[in-house]
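Here is how the chains run, residue by residue.
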Amino acid sequence: MSNQELLAKIGQTSDETEFYTPMPTGYRKGHVKYVVVVGTVMSGLGKGIFSSSLAKLLQDKGLKVAPIKMEGYLNIDSGTLNPYRHGEVFVLDDGMETDMDLGTYERLLDQDLSAANFTTNGQIMSSVLRKEREGSYLGRDVQFIPHVTGEVKLKLRELAAKSNADVVFVEVGGTVGDYENTAYLEACRQLAYEEGENSVVFVALTYILEPGALGEQKSKAAQLGIKRLMEMGIMPDLIACRAAHPVKDSVREKISMYTNVPMKRVVTMHDVESIYTIPENLREVGLDREVLTLLSLHDRVNQRAEDQARMKWRWFVDRIGKAKKDVTVAVTGKYATLRDAYASIIKACEHCGVHLGVNVNIKWVDTTAIDPSSVTRHLRDVQGIIVPGGFGVRGTEGKIECIRYARENKVPYLGLCLGFQMAVIEFARNVAGLREANSSEFDPRCKQCVIDILPEQKLIEGLGGNMRLGGKDVEIKPDTLASKLFDGASQIRLRFRHRYEVDPKFIPILQEHGMIFSGKHPNQPIMQILELPADMHPYFIGTQAHPELTSRPLRPQPMFLGLIKAAMARAEAKTAQQAQAV
Ligand code: GLN
């Protein structure tokens, strides 16, 4: 490739320029607008929830939105991160392993996202280094500015071009002042300059302290955080104040006066019971209107679409917390102390609870403490059992005990990924007479490895990037529980993240004893859903997939819906029994 061709490829005409701004093909400057959300004072303010709620408000108005989360860490994706430290790994349909915030975006926007909606410093750096080796920088020294920042801008514009969005929502991970996000912030500053007026809005999410000893709201930390942002050349257009209680006008005034942001653009975003009320709260303080004004987007609004979307959403929000009935579902897992590791499962149960008018209480069960003598004590007061995904041998025998309990006592059961594999092992051992059954993940020398490594994965070694990942089609067997749950569909799509699977040579013996494989890969012998027939159990189902990842507030996932319905039936039957006994 000639120098001239290379320059054209990276969007330049001369290698003397200080501007390094590669542009993706099909990019429509001026059509796409950006909302950049940054956090100050501290992390954990719910930037993802805020950003997705604001995005939802614009989406409701008929605008096309595309969110992106930019992570500060150097990992290429979230796949190797410990869920204990970082929360669950959220898998997208294209197999990208991301931060749990992407789950919040998918749920609130009811939109499937892809690798284009997620980046890390690791991804940015690795593209820069790859381009350097390919000679793309034409003899220049490769620098943070303009090359790394150029790569960040490219990523944002690629998303804009690919999604054809009206508004790209950029969530900058971490807090202003972190070394890790400096390049992101600088890139966004440049982006605002290059895109021109009315194209980029900066929202600072900050925190108002309210020390118990003082009993009043203090704005100093918020002021300093925003000042730090201004030192980087970024003037916020909007400031959202997180706080335990509604932020007082006098505090908002102080922030307004120190930042030159008018009062109507300094809004309160105090703690609420349910995150699903946040979109409406932001609407009430006029944030959506201000964003439309700042980005000159009023003429793209579809009022009818907004009225309909709000009506549907209100139906859901109005039902939250109103249920009179209760069920308790046990969730087993070794990270039972850290709820973020199971965020999507909690959400999926919540969606079903709202739709079915029941409070779903979750009882966390640490299976390392469970053995045949203690299992009843842990599970006798629950109406449903979920064994979620997991890796490693710790607690697995306890999980198998829980599944045996569910099967024998006809307690509704849902197995997710590892919970599917454990159900196969339990059934093989206790029903099909394969006493030595196990998974080669837990016992590499086991004699009856009913769960074994995938044939196509056997050759791949190392921990990163060797799992079967992402959305896959599942063929559903007619006249089964699965077929009923999915309204008779012959093919559905679920998301996967696993290395091991059912060894096909054990399928006949498992089937002979009653286990039904009601969901399979359309043309490979990969078992993806199992169940027990109605004469053996009222609701016993498992899947090699992670159905919790695709449950949405207005479209609860059918396997969870089935579990909660079955749990309600069990609770009702028990109440009727007790009434009769009296
Ligand atoms: N450890 C199992 C596997 O790798 C299950 C994975 C999971 O539950 N996500 O197949």
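To start, this report covers the structure provided alongside it. (Residues numbered from 1 in each chain as written. Predicted model: local features only at pLDDT ≥ 70, side-chain atom pairs only at ≥ 80, totals over all residues. Heavy atoms only, no water.)

**Focus: the packing of helix 5 (residues 121–133) against helix 6 (residues 144–163)**
Interhelical geometry of helix 5 versus helix 6 gives an angle of 115° and a closest axis separation of 10 Å. In the crossing of helix 5 with helix 6, the sense of the turn from one axis to the other is right-handed. Across from Gln123, Ile124, Met125, Ser127, Val128 and Lys131 in helix 5, the residues of helix 6 making contact are Phe144, His147, Val148, Glu151, Val152, Leu154 and Lys155. Taken together, the residues of the contact of helix 5 with helix 6 sort by class into seven nonpolar, three polar and three charged. (Axes fitted to C-alpha atoms, helices over the stretch in contact; angles between N-to-C directions. Helix = DSSP H or I, 4+ residues; strand = E, 2+ residues; numbered from the N terminus. Left-handed = near helix turned anticlockwise from the far one by under 90°. Contact = heavy atoms within 4.5 Å. Nonpolar A, V, L, I, M, F, W, Y, C, P; charged D, E, K, R; others polar.)

**Some details on the packing of aromatic side chains**
What describes a pair of aromatic rings is the distance from one ring centre to the other and the angle between the planes of the rings. One pass over the structure, following the stated rule, counts five aromatic pairs. The rings of Tyr276, Trp313 and Phe316 are connected pair by pair, giving a single aromatic cluster. Between lysine 56 and the ring centre of tryptophan 313, over which it is positioned, the NZ or CZ distance is 4.3 Å. When the ring centre of phenylalanine 496 is taken as reference, the NZ or CZ atom of arginine 468 above it lies at 4.6 Å. (Phe/Tyr/Trp six-rings, centres within 6.5 Å; stacked < 30°, edge-to-face > 60°. Lys NZ or Arg CZ within 6 Å of the ring centre and 35° of its normal.)

**Topic: helix 6**
With 20 residues, helix 6 extends 27 Å from end C-alpha to end C-alpha; this agrees with the ideal 28 Å at 1.5 Å per step. Across the 20 residues that make up helix 6, a large majority, 15, are buried. Directly after helix 6, the chain includes asparagine 164, whose backbone phi takes a positive value near 55°. (Expected span 1.5 Å × (residues − 1). Buried < 20%, exposed > 50% of the residue type's maximum accessible area, 1.4 Å probe, protein only.)

**Regarding the site of the ligand**
Every residue near the ligand is listed here: Gly389, Gly390, Phe391, Cys417, Leu418, Gln421, Glu441, Arg497, His498, Arg499, Tyr500 and His546. At a separation of 3.0 Å, an oxygen atom of the ligand approaches a polar side-chain atom of glutamine 421. Here an oxygen atom of the ligand and a backbone polar atom of arginine 499 are 3.1 Å apart. Of all the secondary-structure elements, those providing two or more residues to the shell around the ligand are helix 16 (418–430) and strand 17 (491–498). The residue inventory of the shell around the ligand, partitioned by class, reads four nonpolar, five polar and three charged. (Near = heavy atom within 4 Å. Polar contact = N/O pair within 3.5 Å; in protein donor to acceptor, adjacent residues only side chain to side chain.)

**What to know about the sheet that holds strand 10 (residues 325–332)**
With respect to topology, nine strands assemble into an open sheet ordered 11-10-12-13-21-20-19-16-17, the strand pairing being mixed. One side of each edge strand has no neighbouring strand; the edge strands of this open sheet are strand 11 (358–365) and strand 17. Between one strand axis and the next, the sheet turns by 25° as a mean value, whatever way the strands run. Judged from the four bridges that link them, strand 13 (residues 413–416) and strand 21 (residues 540–543) form a sheet pairing that is parallel. (Pairing = 2+ DSSP bridges.)

**With respect to the pairing of strand 6 (residues 167–172)**
Judged by how many residues are buried, strand 6 sits mostly within the fold: six of six residues are covered. The alternating pattern of strand 6 places Val167, Phe169 and Glu171 and Val168, Val170 and Val172 on opposite faces, both of which are buried. Across five bridges, the pairing between strand 1 (residues 33–39) and strand 6 is parallel. When the sheet's bridge partners are listed, valine 35 is paired in strand 6 with phenylalanine 169. With six bridges connecting them, strand 2 (residues 65–71) and strand 6 associate as parallel partners.

**Brief notes about the environment of cysteine 449**
Within the secondary structure layout, cysteine 449 lies in strand 15 (residues 448–453). With relative accessibility at 11%, the residue cysteine 449 sits in the buried group. Contacts of cysteine 449, omitting those with residues within four sequence positions, involve Asn438, Ser440, Asp443, Asp503 and Phe506.

**Details of the nonpolar core**
Judged by nonpolar contacts, the single largest core of 45 residues is most densely connected at Tyr34, Met70, Val168, Val170 and Ile255. Broken down by element, this core gets its largest block of residues, six residues, from helix 7 (residues 182–195). Look past the residues within four positions of methionine 70 in its chain and what remains in contact with it is Thr119, Val152, Leu156, Val170, Glu171, Val172, Gly173, Tyr184 and Cys188. Val91, Val203, Ala240 and Val291 belong to the second-largest nonpolar core, a separate cluster that totals 42 residues. (Core = buried A, V, L, I, M, F, W, Y, C linked by side-chain atoms within 4.5 Å.)

**Thoughts on the environment of methionine 269**
Its place among the elements puts methionine 269 in strand 9 (residues 266–270). What makes methionine 269 buried here is its relative accessible area of 6%. The spatial distance from the C-alpha of methionine 269 to the C-alpha of alanine 213 is 22 Å, given a sequence separation of 56 residues. The residues contacting methionine 269, other than those within four sequence positions of it, are Phe50, Leu205, Cys241, Arg242, Ala243, Ile278 and Leu282.

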